[in-house]
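# What the coordinates show
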Amino acid sequence: MGVAVSIDQVEKRFGPLRALDGVSLQIAEGEFFGLLGPNGAGKTTLISCLAGLARPDAGRLTVMGRDVVADYRAARRLLGVVPQELVFDPFFSVRETLRIQSGYFGIRNNDDWIDEVLANLDLTAKANTNMRRLSGGMKRRVLVAQALVHKPPVIVLDEPTAGVDVELRQGLWQFVQRLNREGHTVILTTHYLEEAEALCGRIAMLKQGRIVALDTTSNLLARFAGHTLSVRLAPGAALPDALRARATEKDGFWHLRLGGLAEVEAILAALRTAACAFDDLRLTQADLEDVFIGLMQGAEGAR
Amino acid sequence: MTGFRTLLYKEVLRFWKVGFQTVAAPVLTALLYLLIFSHVLDRHVLVHGVPYTAFLIPGLVMMSLVQNAFANSSSSLIQSKITGSVVFVLLPPISYLEFFLAYVVAAVLRGLMVGAGVLLVTAWFAPLSFVAPLWIIAFAVLGGGILGAFGMIAGIWADKFDQLAGFQNFLILPLTMLSGVFYSLHSLPAFWQGVSHFNPVFYMIDGFRYGFFGVSDVAPESSLAVVAISFLAVSAATLAMLRSGYKLRS
Ligand SMILES: Nc1ncnc2c1ncn2[C@@H]1O[C@H](COP(=O)(O)OP(=O)(O)OP(=O)(O)O)[C@@H](O)[C@H]1O
Ligand SMILES: [Mg+2]
């Protein structure tokens, strides 16, 4: 598999602010890649540099091997970007918008593909409606459609599901996953971490313009999270001291982080020995949100 | 080529869909100027041996043409910048030259439409001749091109509508009003004649008028040279601005 996107030591400053502070990243063809991070981390700035909307102060970016500055026309032809901001051209209908966007990419007579995209985004009924008359979620779907008119090998979605209803979100992901299976590389930013966990094979976490984690989703989950055993004690019961030392209390439960599942047996034995009765017992696997929070707090010292 | 053609088509559609405001309204404005000034002055004045109303018409045509060429590219760019829809033309693989040409050609087309409209409604009021039609076309196209390109610079530079309005009211309007639309330069005191020679719009209108009556303040060849060089200079500046990404790509 070749390299779809290569980002090498990219820096971008806005005045004194280092929006991107030496970001390096390679994304292989066919990946479904997640770009996560809190507000202001630099996700959109990185995408803007990739799309030529912003010019990096240092570093180099390529799309399918084409330099986004030196060879900008080739690079842009290979890239489809769904911008984060909800923008539209009020002069045109949905179909006009998509035909015009096709023309910008040098494609004429694109109606078959336009119809397919419209159908997949559940927009067929709105094809001849003026953009001004669409609801916010529908406008966002048109933004997705606009990014796909030229069937770009690399698709970048900057928070495509913000303000989109559940049903369409499912539909959108099915469509994007299909494109991914057909070989399109997908890069996604989202604040819905379940979404990223379910969809992305690999994830980069960005914080204050730096990458603080870059790994496969399953590795991130395993490395940072593991399992937690939570117990709610019966009234009057007290946790044995040995366990109390490593537990945290929250919402009426004592939470014990496990090094491995084998620890469950030892903990239960300790409870039994101390004759400590409990009302409820839960074993949970931490999700990406825990990883995210852990990383964002922990990475403070890394700067 | 398809990229350029589509962007041009979009730009033309943009003003044509609101043609009442972008074409009909300026034609009406020009007609009002003609009615007022010719009513006041026609019986008393001959300019270069031409009745005043006839003299006025080419000036009004050219003034409307260039003002609307400027308005077209500048308002399109600032609007799409403010609404954010400018990304739709920044993301595709459109070259700087294609981008430039699409906006300028659309601006020239709107200018020509308005100019033709003004000519059509005013021609009834005075006997017009068309001595040198090629000169008429050359000055119309180049004049529209200069102001269309200048409109791109203004639209890219301005961050708000009132900055653009300032541009329009304090630069474009005085330059066009004081360019000899309403008078021959020879009627001015020597000092103001000298000042007017630094106004490129003066040469556009003088050369344009030559195409109608075969008389002018300055030799039409000189006017054409000034206008052509102005066009090249403004175009080069606009292209340099686009290439640098100034205010369009952060
Ligand atoms: N054009 C700009 N001028 C000045 N500062 C900017 C500009 N664009 C972004 N920034 C700053 O750069 C930083 C990164 O912004 P960016 O939009 O990339 O964040 P993000 O990760 O996309 O956040 P969000 O999740 O909120 O979309 C922020 O501090 C932002 O204020
Ligand atoms: Mg963002």
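Definitions and cut-offs
Residues numbered from 1 in each chain as written. Chains lettered and ligands numbered in written order. Predicted model: local features only at pLDDT ≥ 70, side-chain atom pairs only at ≥ 80, totals over all residues. Heavy atoms only, no water. Axes fitted to C-alpha atoms, helices over the stretch in contact; angles between N-to-C directions. Helix = DSSP H or I, 4+ residues; strand = E, 2+ residues; numbered from the N terminus. Parallel < 35°, antiparallel > 145°, perpendicular 65-115°, else oblique. Contact = heavy atoms within 4.5 Å. Nonpolar A, V, L, I, M, F, W, Y, C, P; charged D, E, K, R; others polar. Domains from an automatic or database assignment. Near = heavy atom within 4 Å. Polar contact = N/O pair within 3.5 Å; in protein donor to acceptor, adjacent residues only side chain to side chain. Areas by Shrake-Rupley, 256 points an atom, 1.4 Å probe, with all protein chains shown as cover. Pairing = 2+ DSSP bridges. Buried area = accessible area lost by both parts, 1.4 Å probe. Salt bridge = Lys/Arg side-chain N within 4 Å of Asp/Glu carboxyl O.

Now for the packing of helix 1 (residues 2–16) of chain B against helix 3 (residues 52–83) of chain B. Residues and elements named next belong to chain B. Running from N to C, helix 1 and helix 3 cross one another at 100 degrees; their axes reach a closest spacing of 11 Å. Here helix 1 lies roughly perpendicular to helix 3, going by the angle between them. Along its contact with helix 1, which presents E11, R14 and F15, the element helix 3 presents N72, S75, S76 and Q79. A breakdown of the residues in the contact of helix 1 with helix 3 according to their chemical character gives one nonpolar, four polar and two charged.

By domain assignment, chain A separates into domain 1 (3–221) and domain 2 (226–285). Summarising the inter-unit geometry, the C-alpha centres of domain 1 of chain A and domain 2 of chain A are found 44 Å apart.

Residue and element names in this part refer to chain A. Near ligand 1 you find 14 residues, and of these G40, K43, T44, T45 and Q84 are the closest. For ligand 1, an oxygen atom lies 2.8 Å from a polar atom in the side chain of N39. Measuring from an oxygen atom of ligand 1, one finds a backbone N or O atom of A41 at 3.1 Å. Considered on its own, ligand 1 offers 640 Å² of accessible surface; in the complex 63% of this is hidden by protein. If you tally residues by element for the shell around ligand 1, the top one is helix 1 (residues 43–51), at three residues.

What follows deals with the sheet that holds strand 6 (residues 79–82) of chain A. Remark on secondary structure: sheet strands pair via backbone hydrogen bonds, oriented parallel or antiparallel. All names here are of chain A. One open sheet accounts for six strands, arranged 6-7-8-3-9-10; its pairing is mixed. Here the strands that pair on one side only, and so sit at the sheet edges, are strand 6 and strand 10 (210–216). Strand-to-strand twist of the sheet, defined as the mean angle between neighbouring strand axes without regard to direction, takes the value 15 degrees. Contacting strand 3 (32–36), strand 7 (154–158) and strand 8 (185–189), helix 6 (residues 166–181) crosses the sheet at an angle of about 125 degrees to strand 3.

A few words on the interface of chain A and chain B. Between chain A and chain B, the contact holds 29 residues from the first and 31 residues from the second. With both sides pooled, the region where chain A packs onto chain B buries about 2800 Å², and carbon together with sulfur makes up 60% of that total. It is L53, F91 and Y104 of chain A that lose the most area in chain A upon contact with chain B, and together they represent 28% of the buried surface on that side. For the interface between chain A and chain B, the tally reads two salt bridges. Its salt-bridge partner being K17 of chain B, residue E96 of chain A comes within 3.1 Å of it at the nearest N-O pair. The tally of links from chain A across to chain B stands at ten residue pairs in polar contact (both at pLDDT 80 or more). Secondary structure elements with two or more residues in the side of chain A that touches chain B: strand 1 (3–14), helix 2 (72–77), helix 3 (94–104) and helix 5 (136–148) of chain A. At five residues, the largest contribution of residues to the side of chain A that touches chain B is made by helix 3 of chain A. Among the residues making up the side of chain A that touches chain B, the classes are represented as 16 nonpolar, five polar and eight charged.

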